[in-house]
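A look at the structure
Chain by chain, the residues run as shown.
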Amino acid sequence: MNEQSGFDVVVLGGGPGGYTAAFRAADLGLSVCLVEQRERLGGVCLNVGCIPSKTLLHAAEVIEEAAELGEYGVTFGAPQINVDALLARKNTVIDQLTSGLDTLCSKRKITRLNGRGVVEDRSTVVVTGKDGEHRIQFKDIIIATGSRPFSLPGVADDPRIWDSTRALEINEIPKRLLIIGGGIIGLEMAQIYSALGSEITIIEMLDQLIPPADKDLVQPLFMKLKNRYKILTATRVTGMVPGENSVAVTFEGKKESGTGEFDAVLVAVGRRPNSAEMGFDKVGLQLDERGFVTVNDKQRTSVAHFYAIGDVVGEPMLAHKAVHEGKVAAEVIAGHVSVFCPMTIPSVAYTNPEIAWMGMTEKEAKGKKIDYDKGKFPWGASGRALSAGVSAGVCKVLFDKESGRILGAGICGKNAGELIHEAVLALEMGATAEDISLTVHAHPTLAETFAFAAEIVDGSITDLL
Ligand code: FAD
């Protein structure tokens, strides 16, 4: 066993949370050891999450857009898809980003250990990797071990029943693909496989797609997708039996119940924390009932010099949340005054059209009985959206009636994931409808629709047509 001591900080897990924490800690002068069980840094996000999915989605989106250009008098032939080249492109992007992280690590003289780390006691982690065992002593530790896909209870281990990692490998293009879960990951995968030629069925237990977002925001996406996929909301999968050539799936729903045969099934019903079998119980680390590590706003756990960040501490399980929490943990350890208290963390579904929202949703505002004003601007009235053929969209903004400040916003439409940041900044700065409508927006842009929604509230737009 190789013994190493003298580290100020050990970071367990090299995903977006872990590598950000390690970089920040090193930049603040701490000696850092970064432990990652995968060969490459980047965690789920870079290796089997955000980045590979967006690379594949880019191709899917271009295919869809090309098909929609008929209205402009431009037609292309059927796309010729070389799956090997598509996967090579995906891998190139991953390689480029992960090797960039390697460089950033070595520039900061961070010690890297490739292996699985398990907490042995309150100052020791044992890392087991290809090159044997290392016992590492630390002053502080940041747990950034992330999450893994949920599997449905009682579901057989079968190569035709996939999780998101498997789906991103594109080993085959099933003729009939069932996606269980109409959330962000399920819908992004649906778009990729639909572009590759699969017939898509989506089964979602709740009564709308992307359940955390407001239903009216998701409606333009739903209207588009329902013509392409079979979508069963308020429907529950009750059984899944892999046969010789297909998987038989039984379901019960509000509108339809029955059995369907599918060539593959993607289970995209959420993720659970990687907090088991890591020795956390040995040191008395407190977990909540779902296994997430509990932390305060300094990312400190129930054990004072143990910090935790990212997916392992809970929702929202998003890379940008992990990154910001990672910075806070490193800064607190370095003795800085730092807390994680953003006014909002934006969410984006990179579907076509995209859905992005931030702050309070309308259903939350109603649930909390908050008095609000609403501005809703349909993209059918936007010159830019119409000229770009993306008029099936909407921008909605809520303002607190009492203070006049923005409470939340949602956008459905092309580039909603980029456009939402103006709303995020408005919320962080406590902007009112007047602040937004007095801000000059370039014309014709999709960003104008956010200003128009605010103008509806401050009364400077009274009639849309
Ligand atoms: P992770 O990225 O999960 O990294 C944790 C790392 O810890 C892993 O590399 C793991 O190997 C390592 N590890 C675990 N246990 C140990 C151990 N004992 N010893 C050593 N190493 C260990 N989020 C977005 O914000 N935008 C998106 O577009 C987006 N798209 C996604 C698409 C898909 C298909 C999926 C699955 C997820 C997506 N996410 C997206 C979520 C995002 O990937 C996660 O929120 C993010 O990766 C969390 O970062 P993290 O650092 O907390 O953990």
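Residues numbered from 1 in each chain as written. Predicted model: local features only at pLDDT ≥ 70, side-chain atom pairs only at ≥ 80, totals over all residues.

1. What to know about the overall build of the protein
Check the secondary structure of the protein and you find 13 helices and 22 strands. The C-alpha radius of gyration computed for the protein amounts to 24 Å, which stays within 12% of the reference 23 Å derived for 465 residues, consistent with globular compactness. Considered along the principal axes of its C-alpha atoms, the protein spans approximately 70 × 60 × 40 Å. For the protein, the residues scored as buried account for 45% of the 465 residues in total. (Helix = DSSP H or I, 4+ residues; strand = E, 2+ residues; numbered from the N terminus. Rg over C-alpha atoms; globule rule 2.2 N^0.38 Å. Buried ≥ 20, exposed ≤ 12 C-beta atoms within 10 Å, placed from the backbone.)

2. Quick notes on the UniProt feature "binding site: FAD" (unreviewed entry) in the protein
When the UniProt feature table is mapped onto this chain, "binding site: FAD" (unreviewed entry) is found at Lys54, Gly117, Thr145, Gly146, Ser147, Asp311, Met317, Leu318, Ala319 and His320. The annotated residues occupy 267 residues of the chain and do not converge on a single region, their most distant C-alpha atoms lying 29.9 Å apart. Not counting the four nearest positions on each side in its chain, Asp311 is found in contact with Gly146, Ser147, Arg271, Pro273, Met317 and Ala322. Relative to the helices and strands, His320 is located in helix 8 (residues 319-333). (UniProt positions renumbered as here; feature names shortened; annotations may be inferred. Contact = placed C-beta atoms within 7 Å.)

3. Quick notes on the UniProt feature "domain: Pyridine nucleotide-disulphide oxidoreductase dimerisation" (unreviewed entry) in the protein
The positions UniProt marks with the feature "domain: Pyridine nucleotide-disulphide oxidoreductase dimerisation" (unreviewed entry) are residues 345-451. Between the first and last C-alpha atoms of residues 345-451 the distance is 21 Å; the span itself is 32% helix and 29% strand.

4. Remarks on the sheet that holds strand 14 (residues 258-262)
Spatial ordering of the open sheet is given by 12-13-14, a layout of three strands whose pairing is antiparallel. The outermost strands of the open sheet, each flanked by one partner alone, are strand 12 (235-242) and strand 14. Sheet twist, expressed as the mean angle between neighbouring strand axes with direction ignored, is 25°. Sheet topology places strand 13 (residues 247-253) next to strand 14; five bridges connect them, and they run antiparallel. The partner of Val247 across the bridge, within strand 14, is Phe262. (Pairing = 2+ DSSP bridges. Axes fitted to C-alpha atoms, helices over the stretch in contact; angles between N-to-C directions.)

5. Structural notes on the site of the ligand
Inspection of the region around the ligand gives 35 residues, with Gly13, Gly15, Gly43, Gly146 and Gly310 positioned closest. Counting residues per element, the ones that place at least two in the shell around the ligand are helix 1 (16-27), strand 2 (32-36), helix 2 (43-48), helix 3 (50-68), strand 4 (116-121) and helix 8. Class assignment of the residues belonging to the shell around the ligand gives a composition of 14 nonpolar, 17 polar and four charged. (Near = placed C-beta within 6 Å. Nonpolar A, V, L, I, M, F, W, Y, C, P; charged D, E, K, R; others polar.)

6. Here's the deal with the sheet that holds strand 22 (residues 406-413)
The five strands lie next to each other as 18-19-22-21-20, forming an open sheet whose pairing is antiparallel. Two strands in the sheet have a free side with no partner beyond their single neighbour: strand 18 (347-349) and strand 20 (372-378). With strand direction ignored, the average angle separating the axes of adjacent strands in the sheet is 10°. Where strand 20 meets strand 21 (residues 394-400), seven bridges bridge the pair, whose relative direction is antiparallel. Its bridge partner being in strand 21, Pro378 is matched across the sheet by Val394. Relative to strand 19 (residues 354-359), helix 11 (residues 416-428) is tilted by about 10°, and along the sheet it contacts strand 18, strand 19, strand 21 and strand 22. Its contacts with the sheet put helix 13 (residues 448-458) on strand 20 and strand 21, and the angle it makes with strand 20 is roughly 135°.

7. Points about the nonpolar core
Ranked by size, the top nonpolar core spans 135 residues in total, and within it Val10, Val11, Ile142, Val265, Leu266, Ile355 and Val397 carry the most contacts. Per-element tally for this core: the top contributor is helix 6 (residues 184-196), with nine residues. Among residues more than four places away in sequence, those in contact with Val11 are Gly18, Ala21, Ala22, Val32, Leu34, Val35, Ile142 and Ala144. (Core = buried A, V, L, I, M, F, W, Y, C linked by C-beta atoms within 7 Å.)

8. Some details on the pairing of strand 15 (residues 264-267)
In strand 15, alternate side chains face the same way, and those of Ala264 and Leu266 on one face and Val265 and Val267 on the other are all buried. Strand direction decides the pairing type here: strand 8 (residues 161-162) and strand 15, joined by two bridges, are parallel. When the sheet's bridge partners are listed, Trp162 is paired in strand 15 with Leu266. Inspection of the sheet shows strand 9 (residues 176-180) paired to strand 15 by four bridges, in the parallel sense. Paired with Ile180 across the bridge in strand 15 is Val267.

9. Concerning the packing of helix 1 against helix 8
Running from N to C, helix 1 and helix 8 point in directions that differ by 30°, and their axes come no closer than 7 Å. When the axis of helix 1 is compared with that of helix 8, the two are roughly parallel. Here helix 1 runs over helix 8; the crossing is right-handed. For the pair helix 1 and helix 8, the contacting residues are Pro16, Gly17, Gly18, Thr20, Ala21, Arg24 and Ala25 in the first and Ala319, Ala322, Val323, Glu325, Gly326, Lys327, Ala329, Ala330, Glu331 and Ile333 in the second. Looking at the contact of helix 1 with helix 8 residue by residue, the classes come out as nine nonpolar, four polar and four charged. (Parallel < 35°, antiparallel > 145°, perpendicular 65-115°, else oblique. Left-handed = near helix turned anticlockwise from the far one by under 90°.)

10. A word on helix 8
Along an α-helix, residues three or four apart share an orientation, since each turn contains 3.6 residues. Taking 1.5 Å of rise per residue, 15 residues should cover 21 Å, and helix 8 covers 21 Å from first to last C-alpha, within 8% of that figure. With 13 of 15 residues buried, helix 8 lies mostly within the body of the structure. (Expected span 1.5 Å × (residues − 1).)

11. Remarks on the domain arrangement of the protein
Per the domain assignment, the segments making up the protein are domain 1 (7-149 + 272-334), domain 2 (174-268) and domain 3 (347-458). Averaged C-alpha coordinates put domain 1 and domain 2 at centres separated by 29 Å. Its residues placed into classes, the side of domain 1 that touches domain 2 shows six nonpolar, one polar and one charged. (Domains from an automatic or database assignment.)

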